[in-house]
Number of protein chains: 2
Amino acid sequence: MHPKKYPPSGDSLNTRERILNSAEVLFAEHGFERASLRALTAAAQVNLAAVHYHFGSKVALIRAIFERRLAPLNAERLGELDALEDAARGRPLTPAGIIEAFFGPVLRMSMNLESGGHRFIRLLGRAHAESRPVIRELLESAYVEVVERFRAALYRALPQMPEKELAWRMHFMLGAMSYVIAGTDAVQLIASYEVRKSEHPESVMKRIVPFLVAGLTAPLPDAGTAKTRRIEPQIRTRGEPRSARGAERRIERKAA
Amino acid sequence: MHPKKYPPSGDSLNTRERILNSAEVLFAEHGFERASLRALTAAAQVNLAAVHYHFGSKVALIRAIFERRLAPLNAERLGELDALEDAARGRPLTPAGIIEAFFGPVLRMSMNLESGGHRFIRLLGRAHAESRPVIRELLESAYVEVVERFRAALYRALPQMPEKELAWRMHFMLGAMSYVIAGTDAVQLIASYEVRKSEHPESVMKRIVPFLVAGLTAPLPDAGTAKTRRIEPQIRTRGEPRSARGAERRIERKAA
DNA sequence: GTATGATTCAAACGGTCGTTTGAATTGCTT
DNA sequence: AAGCAATTCAAACGACCGTTTGAATCATAC
């Protein structure tokens, strides 16, 4: 337990935020374990004990970092989804639109250098690979609402897809994205191209959205025979609610 | 420095392998940092100092784990690719075939419970999210040959795709896969479906390959105008080398 | 059976970690 | 100016970490 906090006065707020910012940097760079409170408080130029005074513990600090960033991020996601649904007037959305509403805010945040959002995004990618229960619970509670909303939207947009298959494909999409935003420079594994730092997040968006849309709308594993068969183009123009029917002909939803 | 090793006699080999096996288990479960040598040697029922006697250090132990597993894994990958190329007799391969050759061995290994391969696969997924230079160099040196071979094969199979775009899409694919094999039960983030432990790796393969193939062969970001436009089905039957041409019509390779 | 090298063992070393403590300092209110 | 809570600070605590050491034990060859 530590003293109850009143509305911060003076530069106590500065101390808190300096800790949060430095923690974001070092956690993103070295991970939650390797970044020590000593290194962190030294970078923030505050006393070691300030972390426990203002947050209570190291995991509480981690929690605070996520709360500060994830709330507006998810609000933006849901806001974009709301806007899409308002514009659609009851008709299903396009997979591409839903994907952009989900991953767009992340990629835009990763572009926002001055607010330090890009550092948090790296941190978020790192958290996805964590196995400590406390971190996983953190992510889970932060994601539960937004994932459910987007899952439902995708379910409506892809009426031909079984729930289970949809869950897996969302899983694959999240994996591709978290790998990208983790920014462990794993592209280096692929080739010697210096694609990494030089890319603008907008261009990453342009690259990954078609990839994800195509994967999401790929033919079901056991629909038809050939591995290379694909569903027909799902052309969708505004005001034509039957647009998703093209795929529905050859992919049937299976009972859960 | 520690004594030079001679062909192990008696159950010294057992000690070495017990360490390797327990290390695999605990590293996969808790990560490289959180799994201590003390916990590891206790699980293996060997003395703490045995790690340094047989391996020299903790990172050398990690290296040994990867060498033991990664060599046969990559050999299998290259073997499958060789077989495909032999059968194709100079013609380009199908993206699906290449993807299966690359990810199939991984998923099959993750199914191999008795040899403990599934634990290593989780470990491999974990290593992909590591940022420590020593781990990244490990992966890089292990991947460089096999990635170059597969990159070249994909480049031939997708003549319409710029190298840079291909590098990114391989990156996305690796991300989706590493997320899956890391097995951090992140599907739990998606939904309450109990897809996780119950799935056989073969069925995961059936699910992820179409996803990856579709993503890999998706239309290029700035080809055409609409976000939802897709390239035509890339039907490919054996012995018809022009099968990839359908896509080539609308996607043009850009100079690097 | 005794010498010799390989292996195991208990114990300790030096270091870093998250956390706690209690006093010093600051900033605001009366 | 005094009082008091909020905040900062240096120092230490106890635990755990990877690593090292040197002696004990084992297996094998002579």
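So, a few notes on the structure that sits alongside this text. (Residues numbered from 1 in each chain as written. Chains lettered and ligands numbered in written order. Predicted model: local features only at pLDDT ≥ 70, side-chain atom pairs only at ≥ 80, totals over all residues. Heavy atoms only, no water.)

1. Some words on the packing of helix H4 (residues 58-88) of chain A against helix H7 (residues 133-157) of chain A
Residues and elements named next belong to chain A. Filter applied, for reference: In this analysis, axes come from line fits to C-alpha atoms, helices being fitted only over the stretch in contact, and the angle between any two N-to-C directions falls in the range 0 to 180 degrees. Only DSSP runs of H or I with at least four residues qualify as helices, and only runs of E with at least two residues qualify as strands; both kinds are numbered from the N terminus onward. Angular relationships are summarised with four words: roughly parallel below 35 degrees, roughly antiparallel beyond 145, roughly perpendicular across 65 to 115, and oblique for the angles in between. Residue contacts follow a heavy-atom distance rule, with two residues in contact if any of their heavy atoms lie within 4.5 Å. The residue classification treats Ala, Val, Leu, Ile, Met, Phe, Trp, Tyr, Cys and Pro as nonpolar and Asp, Glu, Lys and Arg as charged. All others, Gly included, are polar.
Taken N-terminus to C-terminus, the directions of H4 and H7 make an angle of 5 degrees; their axes are 10 Å apart at the nearest point. Classified by the angle between their axes, H4 and H7 sit roughly parallel to one another. The segment H4 lies against H7, with Val-59, Ile-62, Arg-63, Phe-66, Leu-70, Asn-74, Arg-77, Leu-78, Leu-81, Asp-82 and Glu-85 engaging Val-134, Ile-135, Leu-138, Leu-139, Ala-142, Tyr-143, Glu-145, Val-146, Arg-149, Phe-150 and Ala-153. Residues belonging to the contact of H4 with H7 are distributed by class as follows: 15 nonpolar, one polar and six charged.

2. Quick word on the packing of H7 of chain A against helix H8 (residues 163-182) of chain A
Residue and element names in this part refer to chain A. Condition: Left-handed describes a crossing in which the near helix is turned anticlockwise from the far one by less than a right angle; the clockwise case is right-handed.
Between H7 and H8, the shortest axis-to-axis distance is 11 Å and the interhelical angle comes to 120 degrees. Between H7 and H8, the angle is such that the two are oblique. For the pair H7 and H8, the crossing hand works out as right-handed. Across the interface between the two elements, Val-147, Arg-151, Leu-154 and Tyr-155 of H7 pack against Glu-163, Leu-166, Met-170 and Met-173 of H8. Residues that form the contact of H7 with H8 fall into these classes: six nonpolar, no polar and two charged.

3. Some points on helix H7 (residues 133-157) of chain B
Residue and element names in this part refer to chain B. Our working definition: A helix is expected to span 1.5 Å multiplied by its residue count minus one. What the bend at a residue measures is the angle between two axes, fitted to the seven residues ending there and to the seven starting there. Exposure classes here rest on a 1.4 Å probe applied to the protein chains alone. A residue is buried below 20% of its type maximum, exposed above 50%, and partly exposed in between.
For H7, which comprises 25 residues, the first-to-last C-alpha distance of 33 Å matches the rise-based estimate of 36 Å (1.5 Å per residue) to within 8%. The axis of H7 is deflected most strongly, by about 45 degrees, at Tyr-143. The set of residues buried in H7 consists of Ile-135, Arg-136, Leu-138, Leu-139, Tyr-143, Val-146, Val-147, Phe-150, Arg-151, Ala-153, Leu-154 and Ala-157.

4. Quick notes on unusual backbone geometry
For Gln-45 of chain B, which is not glycine, the phi torsion reads 55 degrees and is therefore positive. Assignment of secondary structure puts Gln-45 of chain B in the loop between helix H2 (37-44) and helix H3 (50-54).

5. Re empty space enclosed by the protein
Quick note on the threshold: Here a cavity means grid points, on a 1 Å grid over the protein atoms only, where a 1.4 Å probe fits yet cannot get out; a pocket means an open set of points with protein on both sides within 12 Å along at least five of seven lines; lining residues are those with an atom within 4 Å of a point. Grid points are joined across faces, edges and corners, and a volume is the space filled by probe spheres set on the points.
Under the criterion given, the structure shown has twelve cavities of 30 Å³ or more. Approximately 300 Å³ is the volume attributed to the largest cavity. What lines the largest cavity is a set of 20 residues, and nearest its centre among them are Glu-33, Arg-126 and Glu-130 of chain A together with Glu-33 and Glu-130 of chain B. At the level of secondary structure, the elements contributing two or more residues to the lining of the largest cavity comprise helix H1 (12-34) of chain A together with helix H1 (12-34) of chain B. Partitioned by chemical class, the residues of the lining of the largest cavity number four nonpolar, six polar and ten charged. Together, 16 residues line the second largest cavity, and Gly-125, Ala-129, Ser-178 and Tyr-179 of chain A together with Ala-129 of chain B are the ones closest to its centre.

6. Looking at the nonpolar core
What counts is decided by this rule: To define a nonpolar core, start from buried Ala, Val, Leu, Ile, Met, Phe, Trp, Tyr and Cys residues and group those joined through side-chain atoms within 4.5 Å.
Counting residues in hydrophobic clusters, the biggest one holds 144 residues, and the most contacted among them are Phe-27, Leu-61 and Phe-66 of chain A together with Phe-27, Leu-61 and Phe-66 of chain B. When residues no more than four places from it in sequence are discounted, the contact partners of Leu-61 of chain B are Ile-19, Leu-20, Ala-23, Phe-27, Leu-37, Leu-40, Val-51 and Phe-55 of chain B.

7. Looking at the environment of Ile-208 of chain A
On the secondary structure map, Ile-208 of chain A appears in helix H10 (residues 201-216). Put simply, Ile-208 of chain A and Phe-103 of chain A are 105 residues apart on the chain and 9.5 Å apart in space, counted from C-alpha to C-alpha. The contacts of Ile-208 of chain A, once residues within four sequence positions are left out, are Leu-107, Ala-176, Met-177 and Val-180 of chain A together with Phe-172 of chain B.

8. Looking at the packing of aromatic side chains
Pairs of aromatic rings are described using the distance from one ring centre to the other and the angle between the two planes. All names here are of chain A. Short version of the rule: Centres within 6.5 Å make a pair out of two Phe, Tyr or Trp rings, where for Trp the six-membered ring is used; the pair is then stacked when the planes are under 30 degrees apart, edge-to-face when over 60, and tilted otherwise. Here, over-ring charges are defined by two tests on the NZ atom of lysine or the CZ atom of arginine: distance to the ring centre within 6 Å, and angle to the ring normal within 35 degrees.
With the rule as written, the count across this model stands at 14 aromatic pairs over all chains. Centre to centre, the rings of Phe-32 and Phe-66 are 6.4 Å apart; their planes meet at 40 degrees, and the pair counts as tilted. On the criterion of sequence distance, the pair formed by Phe-32 in helix H1 and Phe-66 in helix H4 is long-range, its members being 34 residues apart. For Phe-32, a relative accessible area of 2% gives the class buried. With centroids separated by 5.0 Å and ring planes inclined at 75 degrees, the aromatic side chains of Phe-102 and Phe-150 adopt a geometry described as edge-to-face. Here Phe-150 lies in helix H7 and Phe-102 lies in helix H5 (residues 95-111), a separation of 48 residues in the sequence. The two residues Phe-102 and Phe-150 agree in class, both being buried. Within the aromatic cluster, the residues linked to one another by ring pairs are Phe-27, Phe-32, Phe-66 and Phe-120. Sitting above the plane of the Phe-102 ring, Arg-77 keeps its charged end 4.1 Å from the centroid. The side chain of Arg-151 reaches across the aromatic face of Tyr-155, ending 6.0 Å from its centre.

Keep in mind these values describe shape, not function.
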